[in-house]
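The chain contents come next:
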Amino acid sequence: MTARWDIFCKVVDNFGDAGVAWRLARQLSQEHSLAVRLWIDDPRSLARMSPGVDASQDRQFHAGIELRRWRETFAEPEPADADVVVEAFGCGLPEAYVNAMTRRSPAPVWFVLEYLSAESWIGGGHGLPSPHPRLPLTRRFWFPGFTPASGGLLRERGLLESRDAFQRGARARADFWSSLSVPDSAAGECRVSLFCYPHPALPALLDAWADGDDAVSCVVPDGVATGALDAWTGGNVPHAGRPLSRGRLTLHAIPFLSQETYDRLLWACDVNFVRGEDSFVRAQWAARPFVWHIYPQANEAHRRKLDAFVNRYAAALEPPEATAVRRIFRAWNGVAGAEGMDDAWRSFAAARPAIAQHAAAWSRQLAALPELASGLVKASLDRI
Ligand code: TRH
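Each helix and strand in the chain was counted, giving 15 helices and 14 strands. With respect to the principal axes defined by its C-alpha atoms, the chain has extents near 65 × 45 × 40 Å. Taking all 384 residues of the chain together, the buried fraction comes to 54%. For the chain, the proportion of contacts with a sequence separation of at least 24, taken over those separated by at least 6, is 67%. Charged side chains of the chain number 42 positive and 44 negative; the gap between the two group centres comes to 3 Å.

Put into structure tokens, the structure is as follows:
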């Protein structure tokens, strides 16, 4: 009998929670032939990433997945018939659902999928069981990460082969840009994608690009950095098909893309500015140089995560390139004492050929790690 998986996801803000839960749901359904139901409290962010999802529906089927709106009142007799339950990002499960889990024999396998971190302590927490304080249920922590001791990263079957075919084919890239009404890159131009949180370093970066020696074309999905772009362009924001040029910089506006198309955007650009969790991972699968805007947390908790990642990522780079990466990550994230974006970009751009080689090697290194969805499936089978 096909095993049933329930994934629960609460959208805290932005797109990352829904984005990760959706990728996992699709992999489980498409690659592992599981019956997957995704409970999500706010399907609107999902609908933006996955055209065809109707945010107004309480129940729908899309891409082989049953999508359910998770309402505050999750009263019985809601079904609690899953063999495996995934609580995304420790969002908690409805009490009625948990109570119903205790009536099943054997009890469902319960995973808590944690946020991604490069910190070394996660290897110690990954896979650990945590008995429920009152009920005969055990939660198991699943930590995505960058080492064999972690739960790895989501990577669909065939992803890297599709990426390589796309990146090898000039025709595919030209068609891609044309589908977005953006001209193909000119020789010598650096094409950049921009996805970041609102923050003060952006105008400085735009100035650096406009005043720099080399041509930069920056592609911005709809809704990203709108306020900053509005201010920087004096209200003259670019629109799809109507780019804006200042000095050596051309800004291209594109629609907010589906997740698949966004992947292609990352594959097609020379440098990707990404943020949060999911686009950060996808930029690494794109095997291109990238700059990460980490999700800011209270009390600067994100600083440790930022440093942990940069230390891991830059370890195999020669000192000048490692320094260039470190500098731009710090400058872009507004770390106190970091240099200005102008200098940070200049050294990063100069080091780009070596960083590009490293990005490809890094992606191969990550591909040798456990794959997250397969790891969950294997662990669930070991327990069922
Ligand atoms: O939107 P985010 O800032 O999400 C964040 C992070 O996940 C953060 O860790 C979490 O704590 C917070 O949400 C609540 O960035 P992230 O993680 O990159 O997610 C963006 C998603 O949007 C990702 O799945 C890619 C997708 N996307 C598209 O599908 N099309 C687009 O055009 C763009 C720009 C993004």
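Right, let's talk about the nonpolar core for a bit. Nonpolar side chains in soluble globular proteins tend to be buried together. Within the largest apolar cluster, 114 residues are counted, with the highest numbers of intra-cluster contacts made by Trp-5, Trp-209, Phe-273, Phe-309, Phe-329, Trp-332 and Trp-345. Setting aside residues no more than four positions away along its own chain, Trp-5 makes contact with Leu-28, Leu-34, Ala-35, Val-36, Arg-37, Ala-82, Val-84, Val-86, Phe-111, Leu-376, Val-377 and Ser-380. Counting 20 residues, the second-largest nonpolar core is a separate cluster that includes Cys-91, Leu-93, Ala-100 and Phe-141.

A few words now on the sheet that holds strand β6 (residues 109-113). Taken together, 8 strands build an open sheet; the order of strands is β3-β4-β2-β1-β5-β6-β8-β7 and the sheet is mixed. The sheet terminates laterally at β3 (59-62) and β7 (129-131), the two strands that pair on one side only. The mean inter-strand angle of the sheet, taken between neighbouring strand axes irrespective of direction, is 25°. Where β7 lies against strand β8 (residues 138-142), 3 bridges are found, and the strand directions are antiparallel. Bridged to Ser-130 within β8 is Arg-139. Contacting β1 (4-9), β5 (84-88), β6 and β8, helix α15 (residues 372-383) runs over the sheet at an angle of about 150° to β6.

Take the side chain of Thr-147 next. Position of Thr-147 among the secondary structure elements: in the loop between β8 and α5 (159-168). For Thr-147, a relative accessible area of 19% translates into the label buried. Not counting residues up to four positions away in its chain, the partners in contact with Thr-147 are Arg-312, Leu-369 and Pro-370.

Further remarks concern the packing of helix α11 (residues 301-314) against helix α14 (residues 352-367). At a minimum axis distance of 11 Å, the contact between α11 and α14 shows a crossing angle of 100°. By the angle between their axes, α11 is roughly perpendicular relative to α14. Contacts between α11 and α14 involve Phe-309, Arg-312 and Tyr-313 from the former and Ile-355, His-358, Ala-359 and Trp-362 from the latter. Across the contact of α11 with α14, the residue classes break down as 5 nonpolar, 1 polar and 1 charged.

Moving on, we come to the side chain of Asp-17. Topologically, Asp-17 is positioned in helix α1 (residues 16-32). Of the side chains bearing the opposite charge, Arg-275 lies closest to the buried Asp-17, which forms no salt bridge; the N-O distance is 9.5 Å. In this structure the side chain of Asp-17 is engaged in a polar contact, spanning 3.1 Å, whose partner is the side chain of Tyr-115.

Sheet strands pair by backbone hydrogen bonding; their relative direction is either parallel or antiparallel. Strand order in the open sheet made by the 6 strands is β11-β12-β10-β9-β13-β14, with mixed pairing throughout. Only two strands of the sheet have a single neighbouring strand rather than two, namely β11 (244-246) and β14 (290-293). Ignoring which end each strand starts from, the neighbouring axes of this sheet average 20° apart. As paired elements, strand β10 (residues 216-221) and strand β12 (residues 249-254) share 6 bridges and run parallel to each other. Bridge pairing in β12 links Cys-218 to Leu-251. On top of the sheet, helix α7 (residues 201-211) reaches β9 (190-194), β10, β11, β12 and β13 (271-275); it is set at about 125° to β12, its chief contact. Running at roughly 35° to β14, helix α12 (residues 319-332) makes contact with β9, β13 and β14 of the sheet.

On to α11, then. Under the 1.5 Å per step criterion, the end-to-end length of α11 is 21 Å for 14 residues, consistent within 8% with the ideal 20 Å. Those residues of α11 lying buried are His-302, Lys-305, Leu-306, Ala-308, Phe-309, Val-310, Tyr-313 and Ala-314. Here the buried face of α11 lies against α10 (278-285), β14, α12 and α14.

Think of a ball as big as a water molecule: rolled over the atoms, this probe shows where empty space is left. As a volume, the largest pocket reaches approximately 780 Å³. Residue lining of the largest pocket: 41 residues in total, with Gly-16, Tyr-197, Gly-276, Glu-277 and Asp-278 positioned closest to the centre. Looking at the lining of the largest pocket, the elements with two or more residues in it are α1, α9 (259-268), α10 and α11. Residue composition of the lining of the largest pocket, by class: 23 nonpolar, 9 polar and 9 charged. Shared between two domains, the lining of the largest pocket takes at least three residues from each, and those domains are domain 1 (4-153 + 370-383) and domain 2 (159-295 + 302-367). Its volume calculated, the second largest pocket comes out at about 330 Å³. Around the second largest pocket sit 14 residues that line it, and Gly-212, Asp-213, Asp-214, Trp-345 and Ala-349 are the ones nearest its centre. Those elements that place two or more of their residues in the lining of the second largest pocket are α7 and α13 (341-350). Considering every element that reaches the lining of the second largest pocket, the biggest residue donor is α13, with 4 residues.

Parameters and conventions
Residues numbered from 1 in each chain as written. Predicted model: local features only at pLDDT ≥ 70, side-chain atom pairs only at ≥ 80, totals over all residues. Heavy atoms only, no water. Helix = DSSP H or I, 4+ residues; strand = E, 2+ residues; numbered from the N terminus. Buried < 20%, exposed > 50% of the residue type's maximum accessible area, 1.4 Å probe, protein only. Contact = heavy atoms within 4.5 Å. Lys, Arg positive; Asp, Glu negative; His and termini not counted. Charge placed at Lys NZ, Arg CZ, Asp CG, Glu CD. Core = buried A, V, L, I, M, F, W, Y, C linked by side-chain atoms within 4.5 Å. Pairing = 2+ DSSP bridges. Axes fitted to C-alpha atoms, helices over the stretch in contact; angles between N-to-C directions. Parallel < 35°, antiparallel > 145°, perpendicular 65-115°, else oblique. Nonpolar A, V, L, I, M, F, W, Y, C, P; charged D, E, K, R; others polar. Salt bridge = Lys/Arg side-chain N within 4 Å of Asp/Glu carboxyl O. Polar contact = N/O pair within 3.5 Å; in protein donor to acceptor, adjacent residues only side chain to side chain. Expected span 1.5 Å × (residues − 1). 1 Å grid on protein atoms, 1.4 Å probe; cavity = no way out; pocket = protein on both sides within 12 Å on 5 of 7 lines; lining within 4 Å. Points joined across faces, edges and corners; volume = space filled by probe spheres on them. Domains from an automatic or database assignment.

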